[in-house]
Amino acid sequence: MEKPDKGPAPVLALRGVSKSFGAVRALHDVSLELRSGEIHALAGENGAGKSTLIKTLAGVHRPDEGQLLLAGDPVVFHGPADARNAGIAVIYQEPTLFPDLSIAENIFMGRQPRRSAGRIDRKAVHRATAALMSRLGVALDPQRPARGLSIADQQIVEIAKALSFDARVLIMDEPTAALTGGETARLFAVVRTLRAEGAAVLFISHRLEEIFGLCSHVTTLRDGRHVASEPLDGLTEDDLVRRMVGRDLDDLYPKAAAEPGATVLSVRRLTREGVFRDVSFDVRRGEIVALAGLVGAGRSEVAQAVFGVDRADAGEVRVDGRVLPAGSPTAAMDAGLALVPEDRRLRGLVMEMSIERNIGLTGLRSVRRRGLVSRALEHGRAADWAVKLQLKYNRLADPVSVLSGGNQQKVVLAKWLATDPAVLIVDEPTRGIDVGTKAEVHRLLSALAADGLAVLMVSSDLPEVLRMADRILVMHEGRLTAEIPRERATEETVMAAATGRTAEKEPTP
Amino acid sequence: MTSTLHRPTPDPTPPAPAEEGRSARSLVDAVFRAREIAIGGALALLILGTWLANPGFLDDQGVKDLLLNSSILVLLAVGQSVVVMTRNIDLSVGSVVGLTAFACGHFVAGTDHSALTVVLLGIALGTVCGLVSGALVSFGRVPALVVTLGMLYIIQGIDHAWAHGEQINAANVPDGVLSLGSGSVLGVPYLPLISAAVLAATGYFLRTYRSGRELYAIGSSPDAARLAGIPVRRRILAAYAFSGAVAGFAGALWLARFGTVVADAANGWELTVVSAVVVGGVAITGGTGSVWGAALGALLLTTIGSALVVLKVDSFWQQAITGVLLLAAITTDRVVQVRTTSALRKRSRR
Ligand SMILES: Nc1ncnc2c1ncn2[C@@H]1O[C@H](COP(=O)(O)OP(=O)(O)OP(=O)(O)O)[C@@H](O)[C@H]1O
Ligand SMILES: [Mg+2]
């Protein structure tokens, strides 16, 4: 229960809300107040219950106990439509688009402007979509289908959807996870305008600097329980982390400088028409090499071509001196390559399968006994990794789809780390992962590198790149534009190369 | 030029809609139109070829037969595609046609009820069947395949038990009803006109009304549809009711056209209908396609059948050809989807 408050009744509030999924208590007696003209942050570790709380506000989940108050009056939402009609706009953590329909239809589904006799006014729909796109400053064609959009663009469409009606309450579940700095800045500008117009905003992010930069209040959850609701003024990042984690966090420590060994992965003149050109680099044992650059520079595409998911048009990839056949992920895996992909929903996980089977998928060979997959071995291996990555789950036999977003990401990591690779390619390894686990993932990568693993890391998280990488390769518009050794790597040098302002140095061929 | 899309420096004027964007759209348009054009082309070739081999194929009677033969299948295909669009399937349509045809016949035998009454009765009966299937699928959450397969057998069973080996004879059916099946305006028989009207109305509805678009949305991503606040279960129920109603309508028309009805009329049609729909470009995984394509698919399958008869080819070939077309259609759907996805992905990132 909240203390009697100062201003008018909050636009939207939760009072003493609990929600369980079977044996899992996702929310336990949680209260929250959203006020008009205020941007409120929701903080907590992976699996703390943030998304569950949001889905309760959005009418997706019905609370087991407690109340929802709309402008002070108790309400019951029977579905997402009720919440929307009450002026609540929600951006969910996972994009929820219709791949076959156009962007415009995605944004206005069920709410299309109409002409006489209830007919959809197609022109008005497209006009409104184009207006939204220019407000967000992106050049997406309203009439192209959502299929094939990059994650960042999917997120943009979700944001446009939420902005497309006059929301009294705007709720955003990790909207910035896949966005670049520029897009994030643009989103924040729009959100601030909405706040000035009197909207109440709830914002979730694992990036503390975003919370401190955008929000005025914060509510922290830990293990589904309410820890604190307070103004952010006077709070330090450490305070916030302590509330989330329940203890002081060890310093985020940089990767130990390791003595790099022999070259394991060597990429020569790799080219994929219209995507990237003439990319050459080496990765040695014990080394973490970051592939930096702006979203769209072709980093993920290079990673996928190296692993053989996409076929390169020219160039070669060698592992331990042997040329990999082009376009064959199986051969790549046999040679000791592992790829943690960017889009976990699409390529990383089989959502309906259990946690242990997902982790086991890549290592079917190592858990085989007399030609059959041994369930016991599979279970043991999964349990092992679940502990290493602090996975928060109920049973290992649960389907991956019930895990929180960050914990799904951990399963993808576990799945590939469990293959015991010689070269690990990770695409955005800590996107959506909370601060505590992020440090853990960094520690793990660092330890694996010290044991002789070669790591190629694609990351848009500049601090992460600077902290972890021995060498930074920067891409700009499909080309490698710079190679920056650890000693000279700063935010400025990397950004300069990423935006194509300077060519630090031609990469060694 | 769209590489400005992801620049960190926010520029005040948003870039103009991209060239790439425009061609991405036309690419997708082209893909879907290509399907309809391909089927239309195949149809034209088939008709032309058969006509060259046997000019009788396209005389007045031949054309009339072709239209009459295809109209019931077209009607059923329209109903089925509305269901398939939502990522469901209705396998009970054949048995519903059989039941309503027999029930309508039983009802009018020896009376002088009008054609309208019979049609209304058929539609009502079909709707009830559709509602039962739909309720089980949407509210009962039983997989559509199981429900409608079960319904197929149940309805067939009822039909057989009721008919007891009897059949409806044309002699007992009032002339008013029979004239619906044999009459025409300006030389065009009623039946194809009716099918065309239902087709056009459904096509228009799916394109221009919110609830029509929502059917596509449900098929494209049921989870996203739920989160978008679409009343998913009600829409699916409605889709089944529509498919049932159309099947009931078709049953009444069946009686009007043939007069003589046995208990297992339209037995096995469900598979032909589903084939027509899939061949016509309504993906079995939902979310895409149009009733126009489905109707073309139905027209194509019927024409193949008629052409083979005219060419005196063993009717066994008809089934084989249908099977080949079906596999080809599903394979193309899949390949086209993969291709367009990767094409679109490229355009998205540049
Ligand atoms: N549909 C569901 N069925 C079963 N368990 C669920 C379901 N949804 C969430 N949970 C569980 O509830 C807990 C809270 O999950 P939630 O998604 O709210 O976490 P979160 O705070 O959003 O985490 P993240 O930062 O990783 O997104 C988790 O333990 C999760 O496994
Ligand atoms: Mg979450």
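The text that follows walks through the structure, step by step, so that each part is easy to find. (Residues numbered from 1 in each chain as written. Chains lettered and ligands numbered in written order. Predicted model: local features only at pLDDT ≥ 70, side-chain atom pairs only at ≥ 80, totals over all residues. Heavy atoms only, no water.)

Here we look at the overall build of chain A
Argument step 1. Helices and strands together make up the secondary structure of chain A, namely 17 helices and 22 strands.
Argument step 2. Over its C-alpha atoms chain A spans a radius of gyration of 24 Å, differing by no more than 12% from the 23 Å that the globule rule assigns to 509 residues.
Argument step 3. Oriented by its inertia axes, the alpha-carbon framework of chain A measures out at about 70 × 50 × 50 Å.
Argument step 4. Within the span of chain A, comprising 509 residues, buried residues form 59% of the whole.
Argument step 5. Split by element, the accessible area of chain A, about 19900 Å² in all, is 49% carbon and sulfur. (Helix = DSSP H or I, 4+ residues; strand = E, 2+ residues; numbered from the N terminus. Rg over C-alpha atoms; globule rule 2.2 N^0.38 Å. Buried < 20%, exposed > 50% of the residue type's maximum accessible area, 1.4 Å probe, protein only. Areas by Shrake-Rupley, 256 points an atom, 1.4 Å probe, with all protein chains shown as cover.)

Describing the packing of helix H2 (residues 60–85) of chain B against helix H12 (residues 291–310) of chain B
Residue and element names in this part refer to chain B.
Argument step 1. Where H2 contacts H12, the two axes come as close as 8 Å, and the packing angle between them is 140°. In this structure, H2 crosses over H12, and the sense of that crossing is right-handed. When H2 is examined against H12, the residues Leu-66, Asn-69, Ser-70, Leu-73, Val-74, Ala-77, Val-78, Ser-81 and Met-85 are found in contact with a partner set consisting of Val-291, Ala-294, Ala-295, Ala-298, Leu-299, Leu-301, Thr-302, Thr-303 and Ser-306.
Argument step 2. Of the residues contributing to the contact of H2 with H12, the split by class is 12 nonpolar, six polar and no charged. (Axes fitted to C-alpha atoms, helices over the stretch in contact; angles between N-to-C directions. Left-handed = near helix turned anticlockwise from the far one by under 90°. Contact = heavy atoms within 4.5 Å. Nonpolar A, V, L, I, M, F, W, Y, C, P; charged D, E, K, R; others polar.)

Observations regarding the coordination of the magnesium ion (ligand 2)
All names here are of chain A.
Argument step 1. The protein atoms that coordinate the magnesium ion (ligand 2) are Ser-51 (OG) and Gln-93 (OE1), at distances spanning 1.9 to 2.1 Å. A residue pair is termed long-range when its members are at least 10 positions apart, and Ser-51 in helix H1 (residues 50–57) and Gln-93 in the loop between strand S6 (88–91) and helix H3 (103–108) qualify at 42 residues.
Argument step 2. Taking relative accessible area as the criterion, Gln-93 reaches 15% and is therefore assigned buried. (Donors = N, O, S within 2.8 Å, 3.2 Å for Na, K, Ca; no water.)

Focus: the side chain of B:Ser290
All names here are of chain B.
Argument step 1. Mapping Ser-290 onto the fold places it in the loop between helix H11 (269–279) and H12.
Argument step 2. Assessed through its relative accessible area of 15%, Ser-290 is described here as buried.
Argument step 3. For Ser-290, the side chain forms a polar contact with the main-chain nitrogen of Gly-293, separated by 3.1 Å.
Argument step 4. Once you skip the residues sitting within four places of it in the chain, Ser-290 turns out to touch Glu-36, Met-85, Tyr-216 and Val-282. (Polar contact = N/O pair within 3.5 Å; in protein donor to acceptor, adjacent residues only side chain to side chain.)

So, the pairing of strand S12 (residues 276–284) of chain A
Residues and elements named next belong to chain A.
Argument step 1. For strand S11 (residues 263–272) and S12, the ladder comprises six bridges, and the chain directions are antiparallel. If you follow Thr-263 over to S12, its bridge partner there is Arg-284.
Argument step 2. Between the end of S11 and the start of S12, which pair antiparallel, lie three residues, with Gly-274 showing a positive phi angle near 75°. (Pairing = 2+ DSSP bridges.)

So, the sheet that holds strand S14 (residues 314–319) of chain A
By definition, the strands of a sheet pair up through backbone hydrogen bonds, in either a parallel or an antiparallel sense.
All names here are of chain A.
Argument step 1. The antiparallel open sheet is built from four strands, whose spatial order is S12-S11-S14-S15. At either end of the open sheet lies a strand with only one pairing partner, and these are S12 and strand S15 (322–323).
Argument step 2. Contacting S11, S12 and S14, helix H9 (residues 299–307) runs over the sheet at an angle of about 70° to S12.

What about unusual backbone geometry?
Residue and element names in this part refer to chain A.
Argument step 1. Backbone geometry at Glu-174 places phi at a positive 45°, although glycine is not the residue there.
Argument step 2. Inspection of the secondary structure assignment puts Glu-174 in the loop between strand S7 (169–173) and helix H6 (181–196).
Argument step 3. A residue is classified by how much of its surface remains accessible, and Glu-174, at 7% relative accessible area, is buried.
Argument step 4. Although it is not a glycine, Glu-477 adopts a positive phi angle of roughly 45°.
Argument step 5. By the secondary structure assignment, Glu-477 is in the loop between strand S21 (471–476) and strand S22 (479–485).

Here we look at the nonpolar core
Argument step 1. The biggest cluster of nonpolar side chains holds 87 residues, and the ones touching the most others in it are A:Phe98, B:Leu76, B:Ile230, B:Leu253, B:Trp254, B:Leu255 and B:Val261.
Argument step 2. Among the elements that take part in this core, helix H10 (residues 232–258) of chain B stands out by supplying 13 residues, more than any other.
Argument step 3. Not counting chain neighbours up to four residues away, the residues in contact with B:Ile230 comprise A:Phe98, A:Met109, B:Glu214, B:Ala217, B:Ile218, B:Ala225 and B:Arg235.
Argument step 4. Membership of the second largest hydrophobic core comes to 79 residues, among which are A:Val264, A:Ala292, A:Val340 and A:Leu456. (Core = buried A, V, L, I, M, F, W, Y, C linked by side-chain atoms within 4.5 Å.)

Notes on the pattern of salt bridges
All names here are of chain A.
Argument step 1. One pass over the structure, following the stated rule, counts 21 salt bridges over all chains.
Argument step 2. A salt bridge links Glu-230 to Arg-243, with the nearest nitrogen and oxygen atoms 2.6 Å apart. In this pair, Glu-230 is assigned in strand S10 (residues 225–231) and Arg-243 in helix H8 (residues 237–245), connecting sequence segments 13 residues apart.
Argument step 3. Arg-243 gets classed as partly exposed once you look at its relative accessible area, which sits at 22%.
Argument step 4. A single network of salt bridges, built from pairs that share partners, joins Arg-284, Glu-287, Arg-471 and Glu-483. (Salt bridge = Lys/Arg side-chain N within 4 Å of Asp/Glu carboxyl O.)

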